[in-house]
Amino acid sequence: MTTPPPIHPPQRILMGPGPSDVAPSILAAMAAPTVGHLDPYFLKIMDETQSMLREVFQTKNQLTLAVSGTGSAGMETCVANLVEPGDTVLVCINGVFGGRMKDVAERCGANVQVIERPFGEVFTPQEVEQAVTAHNPKVVGIVHAETSTGALQPLEEISQIVHQYNGLLLVDCVTSLGGLPVEIDAWEIDAAYSGTQKCLSCPPGLAPVTFSDRAVAAIDARKTKVQSWYLDLTMVRNYWNDSSRAYHHTAPINMNFGLHQALREVLEEGLEARFERHRNNHLALRAGLEALEVNYAVAEAHRLPMLNAVLIPDGVDDKAVRGQLLREFGIEIGGGLGPMAGKTWRIGLMGAACTSRNVLVFLAALEKCLTDAGHTCQPGAGVAAANAEYGGANA
Ligand code: PLP
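Keep in mind that what you see is a predicted model, and the values were worked out from it rather than measured.

A. Local environment of the packing of helix H10 (residues 271–291) against helix H13 (residues 381–390). In the contact formed by H10 and H13, the axes pass within 7 Å of each other and the chain directions differ by 150 degrees. Taken as a pair, H10 and H13 cross one another with a handedness that is right-handed. Along its contact with H10, which presents Leu283, Ala284, Leu285, Ala287, Gly288, Leu289, Glu290 and Ala291, the element H13 presents Ala381, Gly382, Val383, Ala384, Ala385, Ala386, Ala388, Glu389 and Tyr390. Each residue belonging to the contact of H10 with H13 can be placed in one class, and the counts come to 13 nonpolar, two polar and two charged.

As structure tokens, then:
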């Protein structure tokens, strides 16, 4: 074969459901010299990463680490370690990722019960309570920020209910961590997983996870081996937490360098400031979209700031507009998933991609694509409405 040319990816603005834009400082950290996975330097990076992850998760949980793998590996780690064959797991499904959690729990041999809401809606505490009293689950799994639908699930009351019936609450915060409050200790979440490529703005490749003392006690009380060798925390934690630093698998060193730098940047910005940035840019985008007569797919009370799911206007071709945005403007947005395919667009404002520059450039580009597609809107209305929302000052 002829050797392919070296990698030379195009410059994109990543405004889809993830990955999001990655700051050059994070890419630079990933290009640092590789050291051994037991090198004292790397062990120090691991310790610092754990401390920073605890801050971002707002927890004191000892068992907090970055799983080697993407967000789905975080999901499998949580489920496989908490669940033994025959355990009852209640999964709340209102989008693709709740559905994935059900599949993972079934593969771990759980007796899986589900409650469902239509895509775009969220669960009430009463709905969860009814299912918990009916099935008495060991674990209740729920998605905080459903990337497939753009819906934000309130968790505090649900957590109280799950604990009232002695269950463990497992939360998917792949898309919310770093962009919205995820208060592991205050909300008494027992296990949570995330991913690096959304609001942490690192490339995909690691899955931050955290486990409460109650969850660790459940893992310690297991009668059977964890079904996955690779994700078995009873071994992996001896590498991350233990003075023995026992070899388990070779950590992806440079990926961990990237996460370390990403977490530094989150904490330097400050969690509150970061949440406010996500909210302000979301509000400006919303004003602009509405001015272009593009409507949200999710009720206002449950909208995610970092993932704006909107209805594709009647008569407009989904793929033609997304293709034009990418070709002419280098902007990536996402199409709908599952039953939302062809009906919605998913516009991300995550981490480093969540800027006033991106909001304004995107609205101008979208207006051009929509106009070309025959959608009528007032020229310049989107950008003007967003600027008015910013009040003249850029976020
Ligand atoms: N959960 C949610 C809410 C997600 O948005 C995603 C990815 O988009 C995942 C889980 C799976 O993560 P990954 O694709 O990194 O494996």
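Moving on from the model shown.
B. Here's a closer look at the pairing of strand E4 (residues 111–116). Two strands pair when backbone bridges link them, and strand E3 (residues 88–93) and E4 are joined in this way by six bridges, in the parallel orientation. Across the sheet, residue isoleucine 93 finds its bridge partner in E4, namely glutamate 116.

C. Quick peek at helix H3 (residues 71–82). Taking 1.5 Å per residue, twelve residues should reach 16 Å; H3 reaches 17 Å between its end C-alpha atoms and fits that length. Counting buried positions along H3 yields eleven of twelve residues, so the element is predominantly enclosed. Regarding H3, the residues found buried are Gly71, Ala73, Gly74, Met75, Glu76, Thr77, Cys78, Val79, Ala80, Asn81 and Leu82.

D. Inspection of the packing of helix H2 (residues 40–57) against helix H9 (residues 253–269) at higher detail. At their nearest, the axes of H2 and H9 sit 9 Å apart, and the two run at 40 degrees to each other. In terms of their interaxial angle, H2 and H9 are classed as oblique. Here H2 runs over H9; the crossing is left-handed. Counted together, Phe42, Ile45, Met46, Glu48, Thr49, Met52, Leu53, Glu55 and Val56 of H2 and Ile253, Asn256, Phe257, Leu259, His260, Leu263, Arg264, Val266 and Leu267 of H9 form the full contact between these two elements.

E. Broad picture of the nonpolar core. In terms of nonpolar packing, the biggest core is built from 122 residues, with Val79, Leu82, Ala105 and Ala192 touching the most fellow members. Element by element, the count of residues in this core is highest for helix H12 (residues 356–372), at eight residues. Each of domain 1 (23–268) and domain 2 (271–394) gives at least three residues to this core. When neighbours within four sequence positions are excluded, leucine 82 is seen to be in contact with Val139, Leu168, Leu170, Ala191, Ala215, Ala218 and Ile219.

F. Representation of the sheet that holds strand E2 (residues 63–68) in the model. Here seven strands make up an open sheet; going across it, the order is E2-E10-E9-E8-E5-E3-E4 and the pairing mixed. Of all the strands in the sheet, just E2 and E4 have a single pairing partner and so form its edges. Going from strand to strand, the sheet's axes swing by 20 degrees on average, the running direction of each strand aside.

G. Here's a closer look at helix H8 (residues 233–240). Among the residues of H8, those classed as buried are Leu233, Val236 and Trp240. One face of H8 carries all of its buried residues, which in axial projection span an arc of 65 degrees. Residues of H8 that are buried sit in contact with H2, E2, H3 and helix H7 (213–220).

H. Summary view of the environment of histidine 8. Relative to the helices and strands, histidine 8 resides in the segment before strand E1 (13–14). Residue classification places histidine 8 among the exposed positions, given that 5 C-beta atoms sit within 10 Å. When the C-alpha atoms of histidine 8 and leucine 360 are compared, they prove to be 27 Å apart, with 352 residues separating the residues in sequence.

I. Spatial organisation of the domain arrangement of the protein. Domain boundaries in the protein define domain 1 (23–268) and domain 2 (271–394). Contact with domain 1, which involves 22 residues of that partner, is made by 21 residues of domain 2. Of the residues assigned to the side of domain 1 that touches domain 2, the class counts are twelve nonpolar, nine polar and one charged.

J. Region of interest: unusual backbone geometry. Note that the residue after glycine 18, namely proline 19, is joined by a cis bond; omega there is 5 degrees. Residue placement: proline 19 occurs in the loop between E1 and helix H1 (24–30). Unusually for a residue other than glycine, arginine 245 sits at a positive phi of about 45 degrees. The partly exposed category is assigned to arginine 245, around which 15 C-beta atoms lie within 10 Å. Even without glycine at this site, glutamate 293 takes up a positive phi of about 65 degrees. For glutamate 293, the position within the fold is in the loop between H10 and strand E11 (307–311). Residue classification places glutamate 293 among the partly exposed positions, given that 14 C-beta atoms sit within 10 Å.

K. Structural view of the pairing of E2. Counting buried residues in E2 gives six out of six residues, a clear majority hidden from the surface. The sheet contact formed by E2 and strand E10 (residues 206–211) spans six bridges and is antiparallel. Note on E10: the bridge partner recorded for threonine 64 is threonine 210.

L. Representation of the sheet that holds E11 within the structure. The sheet built from three strands is open, its strands ordered E11-E14-E13 with antiparallel pairing. Each of the sheet's edge strands pairs with one partner strand only, and the pair in question is E11 and strand E13 (334–335). In this structure, E11 lies alongside strand E14 (residues 344–348), joined through five bridges in antiparallel fashion. What sits directly across from leucine 311, in E14, is threonine 344.

Reading guide: rules and limits
- Residues numbered from 1 in each chain as written.
- Predicted model: local features only at pLDDT ≥ 70, side-chain atom pairs only at ≥ 80, totals over all residues.
- Axes fitted to C-alpha atoms, helices over the stretch in contact; angles between N-to-C directions.
- Helix = DSSP H or I, 4+ residues; strand = E, 2+ residues; numbered from the N terminus.
- Left-handed = near helix turned anticlockwise from the far one by under 90°.
- Contact = placed C-beta atoms within 7 Å.
- Nonpolar A, V, L, I, M, F, W, Y, C, P; charged D, E, K, R; others polar.
- Pairing = 2+ DSSP bridges.
- Expected span 1.5 Å × (residues − 1).
- Buried ≥ 20, exposed ≤ 12 C-beta atoms within 10 Å, placed from the backbone.
- Parallel < 35°, antiparallel > 145°, perpendicular 65-115°, else oblique.
- Core = buried A, V, L, I, M, F, W, Y, C linked by C-beta atoms within 7 Å.
- Domains from an automatic or database assignment.
- Arc of directions from axis to C-beta.

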